[in-house]
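# An overview of the molecular structure
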Amino acid sequence: MVQQHHVRVAVVQTASVIMDRKASTEKAISFIQQAGEKGANIVVFPEAFIPAYPRGLSFGTTVGSRSSEGRKDWLRYWENSVPVSSETTEKLGEAARKAGVYLVIGVIERDNESSKGTLYCSVLFFGPDGKLLGKHRKLKPTGSERFIWGEGDGSTLPVFDTPYGKIGALICWENYMPLARVAMYAKGIQIYIAPTADSRELWQSTIRHIAAEGRCFVLSCNQYVTKDMYPTDLACYDDLSSSPEEMCLGGSAIVGPLGEYIKGPVFGKEEMLIADLDLRDIAYSQFDFDVVGHYSRPDVFQLLVNEEKQESVKWKK
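These notes cover the structure that comes with them. It should be emphasised that the depicted structure is a prediction, and the values quoted were computed from it without experimental measurement.

Time to look at the sheet that holds strand β10 (residues 165–169). Spatially, the six strands line up as an open sheet ordered β9-β10-β11-β12-β15-β16, and their pairing is mixed. Two strands lie at the open edges of the sheet, namely β9 (159–162) and β16 (261–267), each paired on one side alone. Neighbour-to-neighbour, the strand axes of this sheet turn through a mean angle of 15°, independent of strand direction. Pairing of strand β15 (residues 250–255) with β16 involves four bridges; the strand directions are antiparallel. What sits directly across from isoleucine 254, in β16, is lysine 263. Sitting on the sheet, helix α4 (residues 178–186) is in contact with β9, β10 and β11 (191–195), with an inclination near 145° to β11.

Written as C-alpha cells, this is what we have:
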C-alpha cells in the first residue's frame, strides 16, 4: 500500500435525528456527500449518531426497578438501532463509495449474532470501495449507559492500514483508560478517532493529552444537540423537563501530534471541520518521545491484550 503524506479529514459536528434510524442515516449520507465534494479522504461522525445518544433519558430505570413506559422507549431505541450488516450499513457503504472516502461513524449496534437483544455503542469503518472494514464496540459504557448498552471485548479493537495512515477509534470515556490507549499506540495508530458525547472543557485537555502522548493526530467528534430536537411523543419525555435547552454543546476538534489545535474546538453550533494533515508531522514529533518505542521500558512495564472473542456459550462436538 502506497503511503500518502497528506490527507484531508472532515469531522462532522451535527445532531442525530433522534430515535430515527432512517432519517439519521439520510442526514449522514448528505454530509458524506458534502465532505466528498470538499475533497475529504476521511469523514468522521460522532458517537451514537444513528439513531441517538439518548442524553437525559432514564428509560424508566432506577436501582431495583424498570417501568413499562421506559421499556417502550427502550423498544423504540432498539427498533431504530443498526444491525451489522443491514440495509443501513449498505447505504452508508454506498455513500462512502460515491464520495470516495473512508467513513468512520458512531452507531448503536444491535446484536445480530446471537440473541439480538443487546445493543452496543459501536464505531463502523467503511472503505472508499464501500465495503465495511470492521467495527469497534465500546469496551466500558459509562454510568447509566450500562442500563442500555452491553460491553464490547478485545476482538473489536482494530487499527486499519490505509493510504492515509493507520486509523482506529476509542469511544468517549474509553479514552480515559490508559491501557486501552497503549494498545492503540502499539498498533501504530496515526489518526486516532475519538467520537464522544462529552462537551466539557475538560475533554479538550483529554484529546490534547492523547495527541501528545501518542504522537498522533486526534479527531474528536461530538454532536450539537438542543432539547427541541427530541421527539415529544417519547414515553418518558418528562425526563427532559429540567434539562437545559442546549443538551450538548459540541466541542469537536482536530489536534496535531504535539497537542496543538489544528481546527476547533467548535461549540454551540453544527459545523463540518475540514483540515489538511501532513503525516510527516508524526515522525517530526516522535524525535523526543515515542510512547511504545524509544520512550518505553518493556523490561519494567508490559501490557497483555486479550483479542479473543468472548462467548457465553461454546459448542464442543
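From this point, things continue past the structure.
The final tally for this structure, using the stated rule, is 21 salt bridges. One salt bridge in this structure joins arginine 181 and glutamate 213, with 2.7 Å as the shortest N-O distance. With a gap of 32 residues between them, arginine 181 in helix α4 and glutamate 213 in helix α5 (residues 201–214) connect regions that are remote in the sequence. Neither residue differs from the other here; arginine 181 and glutamate 213 are each classed as buried. When the shortest N-O distance is used, the salt bridge between arginine 297 and aspartate 299 registers 2.6 Å. Among the residues examined, arginine 297 registers a relative accessible area of 48% and is labelled partly exposed. Via salt bridges that share partners, Glu109, Glu113, Lys135, Arg137 and Lys309 belong to a single interconnected network.

Rules used in this analysis
- Residues numbered from 1 in each chain as written.
- Predicted model: local features only at pLDDT ≥ 70, side-chain atom pairs only at ≥ 80, totals over all residues.
- Heavy atoms only, no water.
- Pairing = 2+ DSSP bridges.
- Helix = DSSP H or I, 4+ residues; strand = E, 2+ residues; numbered from the N terminus.
- Axes fitted to C-alpha atoms, helices over the stretch in contact; angles between N-to-C directions.
- Contact = heavy atoms within 4.5 Å.
- Salt bridge = Lys/Arg side-chain N within 4 Å of Asp/Glu carboxyl O.
- Buried < 20%, exposed > 50% of the residue type's maximum accessible area, 1.4 Å probe, protein only.

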